[in-house]
Amino acid sequence: MDRLELDARLDALQRKLPALVDDYTNEEDFWAAFAAEADPVVDGAVTPEDATHVEVRIEEMLAEVGLER
């Protein structure tokens, strides 16, 4: 995936995140659901720079809802 597509998918994940938090109150269930959404984006990063970008964005969005990996 190119950076534009990665960012579009990260933006979509960020929009879904509050619903995931609300829907999956059990921590284990939340992380499984989050991984199902996030892993394809992480796997889509082709370059090391894109992989770092994706990881930073994911960490930032998790921090915004009070979570960390």
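Scroll up to find the structure this text is about.
This write-up is about the structure you can find in this document. (Residues numbered from 1 in each chain as written. Predicted model: local features only at pLDDT ≥ 70, side-chain atom pairs only at ≥ 80, totals over all residues. Heavy atoms only, no water.)

Quick word on the packing of aromatic side chains
Alright, step 1. Enumeration according to the criterion identifies three aromatic pairs in this entry.
Alright, step 2. Seen in terms of ring centroids, Phe 30 and Trp 31 are 4.9 Å apart; in terms of plane orientation they differ by 75°. Their pairing is edge-to-face.
Alright, step 3. For Trp 31, a relative accessible area of 22% corresponds to the partly exposed category.
Alright, step 4. Both rings, one in Trp 31 and one in Phe 34, keep their centres 5.9 Å apart while their planes meet at 85°; by these two values the pair is edge-to-face. Of this pair, Trp 31 and Phe 34 are both found in helix α2 (residues 27–44), three residues apart, which corresponds to roughly one turn of the helix.
Alright, step 5. The exposure class assigned to Phe 34 is buried, which follows from its relative accessible area of 3%.
Alright, step 6. Among the aromatic residues, those joined into a ring-pair cluster are Phe 30, Trp 31 and Phe 34. (Phe/Tyr/Trp six-rings, centres within 6.5 Å; stacked < 30°, edge-to-face > 60°. Buried < 20%, exposed > 50% of the residue type's maximum accessible area, 1.4 Å probe, protein only. Helix = DSSP H or I, 4+ residues; strand = E, 2+ residues; numbered from the N terminus.)

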